[in-house]
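Chains, contacts and geometry: an overview
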Amino acid sequence: MSCPKRALRLTKSFFMNIKTSQQIKNSKTIIQHWLCAVRGAADIKSVEGELKSSYAPNLLSVVFTRRCVFQCRHCFYPPDAFEGNINTIQSCLKKILKRPKIKIDALLHAGRIFLPAHLKALQFAKGKGLKIGMIDNGNYVANIDKIKEAEVRFDWMDISVDGTKKIHNLQRANPAAYTIAYNGIKRSSEVAEQVNVLLTASKINYKNIPSAIEAMRDDKNLKINRFIIGLVNAPDARPAGDIKKLEINAAEFGILLNKLKRLDVPVSLSFYRATDFLKFLDSERISEYSIEFDNIQIIYRHKKFPIVVGYTPESLAVAEELIIDSNGEYVLPYSGQFKIADMPKKYKSGSDLSRVPIEKAYKKAIDRYFQVLGYKKLKNEIKLLRGREF
C-alpha cells in the first residue's frame, strides 16, 4: 500500500458512494452503538454483538503483492520481497464472490504495486459487476499499455503525492518519486474514470501540503477529483521508532488545517486513531461543521469551506473491509505491519476460505479481532473521548 492503510478508506465512503459496511437489519448504525458505549450508555460488548448481527463489509481489499519499488519513510508496511500468489488470490476471490449472504460491491487493488499478472483477477471482478479501484504511487504507468489491452478500466484510482517535488522525494526516499507520481496522475484518465490524490501528513511535509495541492490544482495537465489527507501512523506492534518521529502533533495539525481553509479546494481528512481525532477536536469548533453518521464512520462537513472530515474508530476496523493478503489469506486489520513470513497467527482471520464460507469466516474474524485488538482499541477510545463534545 502506498500509504498507511487508513487513508485508502476515504475513497469508499466519500467518492464511490460505496458504504464501508452494509446494514443488514438494524435501524441504528454501528457508529451510533459505538457512541453509546463511549458515552457510557451501553455496555462495550454490545459493539461486538452488533457487528456480528447487523453488518458486513461491502469492500474487498486485496494486497496483490508485498513487493514495492519504494521504501517510503512513513510507510506502515515493512520491506518485504514476497511477490504474491495470484492463483491463490484468484481462487479466493471466486469463493468470496459466489456467496450471496455478503454482498461485495467493490474490489480495491491495495498494492503494493501493480503488476500485469493482476489483470486476470481484476477482469474477473469486473465481470462479476464489481467496481474496481487502485491505490498506486504512479508506477502503474510502466504497464499502462497492458491495462488498455486487457480492457480493464478502473472506476477510481488514488495516487500518492506527499508534497511538492523536493518534499515528496524526501518523504518517499527516492529522487524519481515525484516524476513517477505526476505521470501517474496525468495519464490516469486513460485507464480510470476518476483520480484522487492521497497525501500523508508528517513532520516532513505538513507545512508543504497546501502548496502541493495548490500546484496540482492549477496544473492544467492534471484532472483531480479530490485531495485526501491522512496522518502518519506508526505501527504499534513492531519496532517503528523512525516512523513514530514523523507523526504530527495537535499544533502542527492546526497549522495544516488553517492553511487548507485558505485554498478553498475540496479536501478530505481521515482519522482512525482516537489520538488523531482529538487533534481535530482540539483545533476546531465542532459547531462550524454539520455531522452525519455512516454505518461505521462519523462525517463532518464544514459549513463554510469544502472540507470533509471522516472518523472511523479503530475498534470498528474489522467491519470496514475484507482484507486478502498476497498469500491469499483473509487477514485482520493492521496485519500489514508484519512481513508475510513473520505475521503472528493472531493477526490472521483463522479461516481457510477454500473450506469456510465467507460469512462464517467474517464472524470468526470479528471474534479474533476483538480478542486481539478490538476491545483494547475501544477501551482506549472511551478513555480519551468520554466527556468530549463531538
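A quick note: this is a predicted structure, and the numbers were derived from the prediction, not measured. (Residues numbered from 1 in each chain as written. Predicted model: local features only at pLDDT ≥ 70, side-chain atom pairs only at ≥ 80, totals over all residues. Heavy atoms only, no water.)

**Quick word on the overall build of the protein**
From N to C terminus, the protein includes 14 helices and 14 strands. Rg of the C-alpha trace for the protein: 20 Å, near the compact-globule value of 21 Å for 390 residues, within the 12% margin. The principal-axis extents of the C-alpha atoms in the protein amount to approximately 50 × 50 × 35 Å. Taking all 390 residues of the protein together, 62% fall into the buried category. Once local pairs closer than 6 in sequence are excluded, the contacts in the protein between residues at least 24 apart make up 75%. Accessible area of the protein: about 15,200 Å², with a carbon and sulfur share of 48%. Put simply, the protein has 65 plus and 40 minus side-chain charges, and the middle of one group is 2 Å from the middle of the other. (Helix = DSSP H or I, 4+ residues; strand = E, 2+ residues; numbered from the N terminus. Rg over C-alpha atoms; globule rule 2.2 N^0.38 Å. Buried < 20%, exposed > 50% of the residue type's maximum accessible area, 1.4 Å probe, protein only. Contact = heavy atoms within 4.5 Å. Areas by Shrake-Rupley, 256 points an atom, 1.4 Å probe, with all protein chains shown as cover. Lys, Arg positive; Asp, Glu negative; His and termini not counted. Charge placed at Lys NZ, Arg CZ, Asp CG, Glu CD.)

**Section: the pairing of strand β9 (residues 267-271)**
Of all 5 residues making up β9, 5 are buried, and the element is well covered by its neighbours. Neither face of β9 is left uncovered, since the one carrying Val267, Leu269 and Phe271 and the one carrying Ser268 and Ser270 both have all their residues buried. Sheet topology places strand β8 (residues 226-231) next to β9; 3 bridges connect them, and they run parallel. For Ile229, the partnering residue across the bridge sits in β9 and is Leu269. (Pairing = 2+ DSSP bridges.)

**Some details on the packing of helix α4 (residues 45-54) against helix α14 (residues 358-385)**
In the contact formed by α4 and α14, the axes pass within 11 Å of each other and the chain directions differ by 155 degrees. Classified by the angle their axes make, α4 and α14 are roughly antiparallel. As α4 packs across α14, the resulting crossing turns out to be right-handed. For the pair formed by α4 and α14, the contact residues are Lys45, Val47, Glu48, Leu51 and Lys52 on the first element and Tyr362, Lys363, Ile366, Asp367, Phe370, Tyr375 and Leu378 on the second. Grouping the amino acids of the contact of α4 with α14 by side-chain chemistry returns 7 nonpolar, no polar and 5 charged. (Axes fitted to C-alpha atoms, helices over the stretch in contact; angles between N-to-C directions. Parallel < 35°, antiparallel > 145°, perpendicular 65-115°, else oblique. Left-handed = near helix turned anticlockwise from the far one by under 90°. Nonpolar A, V, L, I, M, F, W, Y, C, P; charged D, E, K, R; others polar.)

**Some details on the sheet that holds strand β12 (residues 307-311)**
Taken in spatial order, the 12 strands of this open sheet run β10-β11-β12-β9-β8-β7-β6-β5-β4-β3-β13-β14, and their pairing is mixed. Two strands close off the open sheet at either side, each with one partner strand: β10 (289-293) and β14 (330-331). Looking at chain direction, strand β3 (residues 59-62) and strand β13 (residues 322-324) are connected through 3 bridges and run parallel. Paired with Ser61 across the two strands is Ile323, which belongs to β13.

**Quick look at the packing of helix α13 (residues 274-283) against α14**
Here α13 crosses α14 at 25 degrees, and the two axes come no closer than 10 Å. Judged by the inter-axis angle, α13 sits roughly parallel to α14. The handedness of the crossing between α13 and α14 comes out as right-handed. In this structure, α13 uses Ala274, Thr275, Phe277, Leu278 and Leu281 to contact α14, whose residues at the interface are Glu381, Leu384 and Leu385. Residues of the contact of α13 with α14, tallied by class, amount to 6 nonpolar, 1 polar and 1 charged.

**Description of the side chain of Glu247**
With respect to the helices and strands, the residue Glu247 is situated in the loop between α11 (241-244) and α12 (250-263). Once residues within four sequence positions are removed from consideration, Glu247 is found in contact with Lys203, Val232, Asn233, Ala234, Glu252 and Arg273.

**With respect to the packing of aromatic side chains**
Enumeration according to the criterion identifies 17 aromatic pairs in this entry. Where Phe277 meets Phe390, the ring centres are 5.5 Å apart and the plane angle is 90 degrees; that geometry is what we call edge-to-face. Here Phe277, found in helix α13, pairs with Phe390, found in the segment after α14; they are 113 residues apart in sequence, far enough to count as distant. Each member of the pair, Phe277 as well as Phe390, carries the same accessibility label: buried. Over the ring of Tyr375 we find Lys45, and its NZ or CZ is 4.8 Å from the ring centre. (Phe/Tyr/Trp six-rings, centres within 6.5 Å; stacked < 30°, edge-to-face > 60°. Lys NZ or Arg CZ within 6 Å of the ring centre and 35° of its normal.)

**Observations regarding the layout of surface pockets**
The space that makes up the largest pocket amounts to roughly 340 Å³. Along the walls of the largest pocket sit 18 residues, with Ala234, Asp236, Arg273, Glu314 and Lys377 positioned nearest its centre. For the lining of the largest pocket, the secondary-structure elements that each account for two or more residues are α13 and α14. The leading source of residues in the lining of the largest pocket is α14, at 4 residues. Its residues assigned to classes, the lining of the largest pocket comprises 5 nonpolar, 4 polar and 9 charged. (1 Å grid on protein atoms, 1.4 Å probe; cavity = no way out; pocket = protein on both sides within 12 Å on 5 of 7 lines; lining within 4 Å. Points joined across faces, edges and corners; volume = space filled by probe spheres on them.)

**Some words on helix α10 (residues 209-218)**
Regarding α10, the residues found buried are Ile209, Pro210, Ala212, Ile213 and Met216. Each buried residue of α10 lies within a common arc of 160 degrees when the element is viewed along its axis, so the set occupies one face. (Arc of directions from axis to C-beta.)

**Topic: the pattern of salt bridges**
Enumeration according to the criterion identifies 26 salt bridges in this entry. As a salt-bridge pair, Glu48 and Lys52 come within 3.6 Å of each other at their nearest N and O atoms. Of this pair, Glu48 and Lys52 both sit in helix α4, 4 residues apart, which is roughly one turn of the helix. Exposure remark for Glu48: the relative accessible area of 11% places this residue in the buried category. A salt bridge links Asp282 to Arg388, with the shortest nitrogen-to-oxygen separation between them at 2.9 Å. (Salt bridge = Lys/Arg side-chain N within 4 Å of Asp/Glu carboxyl O.)

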